[in-house]
Amino acid sequence: MGLLRRLALLPITGPFDASLWVAAKLTEQIDAERNNPAELQATLARAEQQLLAGELTEDQYDQIEDDLLLRLRTATIR
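Residues numbered from 1 in each chain as written. Predicted model: local features only at pLDDT ≥ 70, side-chain atom pairs only at ≥ 80, totals over all residues. Heavy atoms only, no water.

Chemist: I'd like to hear about helix H2 (residues 37-52), residue by residue, with values.
Modeler: Between its first and last C-alpha atoms H2 spans 23 Å; for 16 residues at 1.5 Å apiece the expected length is 22 Å, and the two agree. Measuring from the side-chain oxygen of the N-cap residue of H2 to the backbone nitrogen of alanine 38 gives 3.2 Å; that N-cap residue is asparagine 36. At the exit of H2 stands glycine 54, carrying a positive phi of roughly 85 degrees. (Helix = DSSP H or I, 4+ residues; strand = E, 2+ residues; numbered from the N terminus. Expected span 1.5 Å × (residues − 1). Polar contact = N/O pair within 3.5 Å; in protein donor to acceptor, adjacent residues only side chain to side chain.)

In structure tokens, the structure reads:
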């Protein structure tokens, strides 16, 4: 009975299930790109250059550095 019910509801549940799958894959890809260690290190280097050029204050740099280092640690643990 379960198989027949699934087949009958497939036109309704199929697109919904597919949308959830696509959303999950997009989320995985975005997280992977956002937490790419090479990109995080490059962003940290750019922030340091901005600090040295006077474009960022020490507090702004510290906040950026803390966020990036936390993300970098999290990315390398996975």
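Further notes follow.
Chemist: So what's going on with the nonpolar core? Which residues, and what values?
Modeler: Grouped together as the largest cluster of nonpolar side chains are 8 residues: Leu40, Leu44, Ala47, Leu51, Leu56, Tyr61, Leu68 and Leu72. For this core, the secondary-structure elements that each account for two or more residues are H2 and helix H3 (58-77). Those residues in contact with leucine 72 that lie beyond four places of it in its chain are Pro37, Leu40 and Gln41. (Core = buried A, V, L, I, M, F, W, Y, C linked by side-chain atoms within 4.5 Å. Buried < 20%, exposed > 50% of the residue type's maximum accessible area, 1.4 Å probe, protein only. Contact = heavy atoms within 4.5 Å.)

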